[in-house]
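# Coordinate analysis (summary)
So you can see what is in the structure, the chains are spelled out below.
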Amino acid sequence: MSVLAVIFEKVNQDMDYSGLVDNIIEYNHVRLNKTSYLIQSSSSPKQVYNELRSFIASGDTLMVFELRKKWHGRGQNELVDWVSTRL
């Protein structure tokens, strides 16, 4: 399985984005911030994007990236542990 970064930016702050977040957190995941998650999936970035795009407005940003083994950073233990065990 791959680790994918799912990053979105909401243009319409009044729109309900709970469907987007609910769909993202169905995956094995860790939250980076309010609009960024790492998920573990056997799906490609394009497949995940296509699954999620119906939950965003036309001016919003939605990006899905596949992450590779090399990484460096710091953060909350839960985040670092999650990434360390999957990459």
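Predicted, not measured: the structure shown is a model, and the values here were computed from it.

Procedures and definitions
Residues numbered from 1 in each chain as written. Predicted model: local features only at pLDDT ≥ 70, side-chain atom pairs only at ≥ 80, totals over all residues. Heavy atoms only, no water. Buried < 20%, exposed > 50% of the residue type's maximum accessible area, 1.4 Å probe, protein only. Helix = DSSP H or I, 4+ residues; strand = E, 2+ residues; numbered from the N terminus. Arc of directions from axis to C-beta. Contact = heavy atoms within 4.5 Å. Salt bridge = Lys/Arg side-chain N within 4 Å of Asp/Glu carboxyl O.

Looking only at helix 3 (residues 77–86), the buried set comprises Leu79, Trp82 and Val83. Projected down its long axis, helix 3 shows its buried positions confined to an angular sector of 90 degrees, all on one face. Facing away from the buried side of helix 3 by more than 90 degrees, the exposed set consists of Asn77 and Thr85. At its buried positions, helix 3 is contacted by strand 1 (2–9), strand 2 (28–33) and strand 3 (36–41).

Throughout the structure, instances matching the rule amount to 1 salt bridge. Measuring nitrogen to oxygen at the nearest pair gives 3.5 Å for the salt bridge that ties Arg68 to Glu66. Since its relative accessible area comes to 59%, Arg68 is described here as exposed.

Don't take any of this as a statement about function, it's just geometry.
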